[in-house]
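# Commentary on secondary and tertiary structure
Residue-level listing of the chains:
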Amino acid sequence: MISEKVKNQIQVVQGDITKLDCDGIVNAANRSLLGGGGVDGAIHRAAGPELLAECRTLHGCRTGEAKITKGYRLKAKYIIHTVGPIYSGTAEDAAQLADCYRNSLNLAKEHDVHSIAFPAISTGVYGYPLEDATEIAVKTVAQWLEDHADYAMQVIFCCFDARTERVYQARTLQQ
Ligand code: AR6
């Protein structure tokens, strides 16, 4: 069960994450942190080449972990880069996907971020089944918000397509 307070801290929107006006957006990156396709490509294109220059100084990121950069040409002040698991159907995938959300939120809080947008990590190129990934995303974020009830944080699940939005809406309403 998600409390009413936490429900009010979570929003589901359909759209392009690069256009959102919030303190931080999360990038579903790969371990190199040097760009790629999907949301990663869109974020690098929108933020500009200064982003790649900063990413080069980070020396990659392990699966499930998160690193932060400036937002450059985005409205968002920060980009939190996290690396989701490549789906293989093991319990480790689920643990690593939950780590992505938790570690991103922890890093955001360390940087005084009070509004953060997540894409549907691992559900594109990395092949994580959408329903399973959504359950993990919503549960992990809701738990983090419960655990940090004294910190004002607004979370936006930014869904690129209508199907993803429907699955997120159903999941956030039913709990
Ligand atoms: N705004 C919001 N969501 C988006 C956007 C956007 N502009 N563009 C795509 N999505 P994916 P992954 C959605 O493949 O599965 C990259 O090459 C997309 O529809 O971007 O974690 C990286 O470099 C899907 O719902 O990320 C890695 O190599 C979700 O974002 C690899 O892909 C995630 O899809 C990571 O794969």
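Residues numbered from 1 in each chain as written. Predicted model: local features only at pLDDT ≥ 70, side-chain atom pairs only at ≥ 80, totals over all residues. Heavy atoms only, no water.

### Considering the packing of helix α4 (residues 91–110) against helix α5 (residues 130–147)
Their axes nearest at 9 Å, the elements α4 and α5 cross at an angle of 35°. Read as a crossing pair, α4 and α5 show a hand that is right-handed. On α5, the residues touching A94, L97, A98, Y101, R102, L105, N106 and K109 of α4 are A133, I136, A137, T140, V141 and W144. Within the contact of α4 with α5, the residues separate by chemical class into ten nonpolar, two polar and two charged. (Axes fitted to C-alpha atoms, helices over the stretch in contact; angles between N-to-C directions. Helix = DSSP H or I, 4+ residues; strand = E, 2+ residues; numbered from the N terminus. Left-handed = near helix turned anticlockwise from the far one by under 90°. Contact = heavy atoms within 4.5 Å. Nonpolar A, V, L, I, M, F, W, Y, C, P; charged D, E, K, R; others polar.)

### A look at the pattern of salt bridges
Inspection of every chain in the model, using the stated rule, returns eight salt bridges. Across the pair K7 and E4 runs a salt bridge, and its minimum N-O distance is 3.8 Å. With K7 and E4 both in helix α1 (residues 4–9), this residue pair falls three residues apart, about one helical turn. Of the residues examined, E4 reaches a relative accessible area of 54% and is grouped as exposed. Residues E50 and R73 are paired through a salt bridge, measuring 3.4 Å at the closest nitrogen-oxygen approach. (Salt bridge = Lys/Arg side-chain N within 4 Å of Asp/Glu carboxyl O. Buried < 20%, exposed > 50% of the residue type's maximum accessible area, 1.4 Å probe, protein only.)

### Some words on the nonpolar core
With 36 residues, the main nonpolar core has I116, F118 and F157 as its most contacted residues. Elements with a contribution of two residues or more to this core: β1 (10–14), β3 (66–70), β4 (78–83), α4, β5 (115–118), α5 and β6 (154–159). Counting residues per element, this core draws most heavily on α5, which supplies eight residues. With sequence-adjacent residues up to four places away left out, F157 is seen in contact with I10, Q11, V12, V13, Y101, F118, A137, V138, V141 and Y168. One finds C22, I79, A117 and I156 within the second-largest nonpolar core, a separate group that totals 14 residues. (Core = buried A, V, L, I, M, F, W, Y, C linked by side-chain atoms within 4.5 Å.)

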